[in-house]
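# Examination of the molecular architecture
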Amino acid sequence: MNSSRLAIIPLMALAILVPLTSCDDAIDIEKHRRGTAESYMIAAANPLAADAGRKILAAGGSAVDATITTEMVLTLVEPQSSGIGGGAFLVHHDATDEKLETYDGREAAPASAKPDMFLKPDGTPMRWPDAALGGRAVGVPGVIRMLALAHADHGILPWADLFEPAIKLAEEGFEVSPRLAGLLATDKEMREIPVTKDYFYPNGTPLKAGTILKNPALAKVLRAVAENGPAQFYAGDIPAGITETVASAPANPARMSAEDIASYEAKKRDPVCVTYRVYRVCGMGPPSSGGILVGQILGILNQFDLGGMKPFSAEAVHLIVEASRLAFADRALYVADADFIPVPVSGLLAPGYLAARARLISPDKRMEKAFPGRAGQSAWRFGTDSAPEKGLSTTHFSVRDRYGNVVSITASIERAFGSKLMTQGFLLNNELTDFSFRPESKGHPVANAPAPGKRPRSTMSPTIVFDQTGKPVLAIGSPGGSRIAGYTLKAIIGVIDWNMHVADAIAAPNIVSRGGPIDIEAGTAAEALKPALEAMGHEVKFREMTSGLHGIHITSDGLTGGADPRREGVVLGD
Ligand code: GLU
């Protein structure tokens, strides 16, 4: 136990006095899309989850403590997005020793995984929805081990107490949210899947918003993990339920062994940081491409004076898009699980390299093709990746505790409802569809090809931004598949370059390029940029872009937070 923890022991007594759940009036989402606080804050995708996290913070818990509680409640109330059947990445700043750590709880492929697992017998890739459904794409879940690792380092309140709010809600029932009900109403597959259909489609009809839903099976799992520790999730009955569900899936039955689950390890990775203006922007390294993407794009944009341009003007958007295209070209070639592939992280983020990449950008004309650069010595020449990454779910939340510790975490089961397989009250992920479906390209191996034990490349970009003195000033991130980096970047640029309120930066129209056309969020004012961008040579498409940015801006005046109006999130704090 370090000295900062000794100093706060009296607060543990406070935890006993403050009820961790209560029957408060429902939180008005519209009123809490933005908020201010003096001491601690949480911005998360669901009011019940954010409120549970806030109570842990109020009780003297650390940012990691609140993170555990929030993620357990999200497993219950936002099951479409993340949960204990999935994975996560967590970026943590410790205020006492001013240390930044990043935790990898990404799902791992089972030993049965093969490079060609997503190819059809004729050698062509499976259709993405066909691959995502059922057992084949389920990776070994990492959330519980990752949170346990972070708790061992930064927890204050006892592990078991952090599960109580979710257990209570699961036993007593919670109100189904409009977003969950909407996704259930439109899903075509889940009403045919055993277990899943009984929970979400009682009597064959989708749950409606406002229905009180109980989940005793999940309560039992959470109680076992609370009382007996994280190992309970990785040996015994709980993993047996996972392996059996994967093996007996109506679609794509697959083999995940007890040993695959027992041997899962959460890992601490080196943070990935770049200097942007006077700030230091830090995020998650491989197996996520998020930190490298955000870092490369900002590193390239460092060469241009965005602050002197009109926010979201065609001139500024063009530069952001061109920098993104260059970063995505590098990503497709170089980035994968660094335990398997030599990823040239420092080469990709070297200021000289990024300055050279910036020189490829013309201020008013689209570059013909964005090629990958020579970012470093690689063990072999890779082929270009073909991971489709169509995920529409995932969750991001940001937490700041009263001691100044900060968490930025993105958690996922990949697409909405993951593999759509449910066991013991929770859904299993389909994260393995983040691998490249083609293991080779033009005779070269693809860095992000599937392999036993390997973690599929992610775009999740939980980020913390620091000022010149090393103090954290912004925690931010989003769901959104491979658009995650673009969403996150928009908020960072909005706050840093354009001095926007974090909630306004989050709400601003999404404009993203992942290498192909520019996607502009349909129905927003940004649609008006189309002619000017086309005149520069860009192809522009209007699309639904449901980011889920949840951020906390830490200023000398206190904490300011924002929740994405495209989802159901809130900002709470005191
Ligand atoms: N599976 C995606 C990733 O790890 C996230 C999916 C989503 O955000 O919808 O990058």
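Okay, so let's go over this structure.

Turning our attention to the site of the ligand. In the vicinity of the ligand there are 15 residues, among which Glu431, Asp434, Ser458, Thr459 and Gly481 approach most closely. Threonine 459 has a polar backbone atom sitting 2.7 Å from an oxygen atom of the ligand. Contact between the ligand and glycine 480: an oxygen atom at 2.8 Å from a main-chain N or O atom of the residue. Expressed as a share of its isolated accessible area of 300 Å², the protein-covered part of the ligand is 100%.

Moving on to the state of the cysteines. Applying the stated criterion across every chain yields a total of one disulfide. What pairs with cysteine 273 in a disulfide is cysteine 282, and their sulfur atoms sit 2.2 Å apart. The chirality of the disulfide connecting cysteine 273 with cysteine 282 is right-handed, given an S-S dihedral of about 115°.

This part takes up the sheet that holds strand 11 (residues 406–412). Across the sheet, seven strands lie side by side as 7-4-3-11-10-2-23; this open sheet has antiparallel pairing. Strand pairing shows two members of the sheet lacking a second neighbour, strand 7 (267–269) and strand 23 (570–573), which therefore form its edges. Between one strand axis and the next, the sheet turns through 15° on average, direction left out of account. Relative to strand 23, helix 3 (residues 47–58) is tilted by about 15°, and along the sheet it contacts strand 2 (41–44), strand 10 (395–400) and strand 23. Where helix 4 (residues 63–77) meets the sheet, its contacts fall on strand 2, strand 3 (87–94), strand 10 and strand 11, and the angle it forms with strand 10 comes to roughly 150°.

The next thing to look at is the environment of aspartate 557. Position of aspartate 557 relative to the elements: it lies in the loop between strand 21 (550–555) and strand 22 (558–563). Look at aspartate 557 and you get exposed, because its relative accessible area is 75%.

We now examine the pairing of strand 20 (residues 540–543). Here strand 19 (residues 518–521) runs beside strand 20; their pairing, made up of four bridges, is parallel. Considered in strand 20, the bridge of aspartate 519 is made with lysine 541. Where the polypeptide runs from strand 19 across helix 20 (residues 530–535) and back to strand 20, its parallel neighbour, the crossover connection is right-handed.

Parameters and conventions
Residues numbered from 1 in each chain as written. Predicted model: local features only at pLDDT ≥ 70, side-chain atom pairs only at ≥ 80, totals over all residues. Heavy atoms only, no water. Near = heavy atom within 4 Å. Polar contact = N/O pair within 3.5 Å; in protein donor to acceptor, adjacent residues only side chain to side chain. Areas by Shrake-Rupley, 256 points an atom, 1.4 Å probe, with all protein chains shown as cover. Disulfide = S-S within 2.5 Å. Pairing = 2+ DSSP bridges. Helix = DSSP H or I, 4+ residues; strand = E, 2+ residues; numbered from the N terminus. Axes fitted to C-alpha atoms, helices over the stretch in contact; angles between N-to-C directions. Contact = heavy atoms within 4.5 Å. Buried < 20%, exposed > 50% of the residue type's maximum accessible area, 1.4 Å probe, protein only. Right-handed = clockwise from strand over helix to strand, strands pointing away.

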